[in-house]
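Listed here are the chains, written in short residue letters.
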Amino acid sequence: MKSKVVVCALVALSLTLGGFSFAQGNGYENRNDGERHGLAKAYKQQDQRDKQERKWQQRQDREQMRNNRHWNERGAGPEHQFYRGDRLPMEYRSRVYVVDDWRGHYLSAPPRGYHWVQTGADYVLVAIATGIILQLLLGQ
């Protein structure tokens, strides 16, 4: 009889102590949900700032590379600012500047998906869909 009481007491004690072990905190027990949300928001904002900084730096690097790449070349256009591989601005991609009579201007036939665009005294071969410059023909 005594052994049954001891066994029952041990079982009850182990069940009680087992519940305490699950009640451990995860470090946030003193913080409410608002504080945790604030921390997550702050981390997210910092990540966005870092991402914007990286994008800005990449743009600066591309611009510097572009300037170094074309330092001894003359570009097309009124201000000589268009180079092969660059994207032609939207204002030059309208039908006003597109050369339909390429033979009359002594130009070669444009490949499928491309057309000739006149930019001042120069001609550029441009992809219709993307505006990427494939070829330059510089005037005098």
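The structure under discussion appears in the preceding block.
Residues numbered from 1 in each chain as written. Predicted model: local features only at pLDDT ≥ 70, side-chain atom pairs only at ≥ 80, totals over all residues. Heavy atoms only, no water.

Asker: How do you make sense of the overall build of the chain when you look at a structure like this?
Answerer: Regarding its fold elements, the chain presents two helices and four strands. Secondary structure elements of the chain, listed N to C terminal, follow the sequence α-α-β-β-β-β. Taken over 140 residues, the chain has a buried fraction of 17%. For the chain, contacts bridging at least 24 residues in sequence account for 36% of all contacts bridging at least 6. In the structure as shown, the chain presents an accessible area of about 11300 Å², 55% of it carried by carbon and sulfur atoms. (Helix = DSSP H or I, 4+ residues; strand = E, 2+ residues; numbered from the N terminus. Buried < 20%, exposed > 50% of the residue type's maximum accessible area, 1.4 Å probe, protein only. Contact = heavy atoms within 4.5 Å. Areas by Shrake-Rupley, 256 points an atom, 1.4 Å probe, with all protein chains shown as cover.)

Asker: How should I be thinking about the side chain of Thr119 in this particular structure?
Answerer: Mapping Thr119 onto the fold places it in strand E2 (residues 114-119). Thr119 has contacts with Ala76, Gly77, Pro78, Phe82, Leu88, Tyr92 and Val124, leaving out every residue within four places of it along the chain.

Asker: Would you mind showing me how to read the nonpolar core here?
Answerer: Soluble globular proteins tend to pack their nonpolar side chains together in the buried interior. Ala76, Phe82, Leu88, Tyr92, Val98, Val117, Val124, Val126 and Ile133 form the largest nonpolar core, which has nine residues in total. With five residues, the next largest nonpolar core counts Val99, Leu107, Trp116 and Tyr123 among its residues. (Core = buried A, V, L, I, M, F, W, Y, C linked by side-chain atoms within 4.5 Å.)

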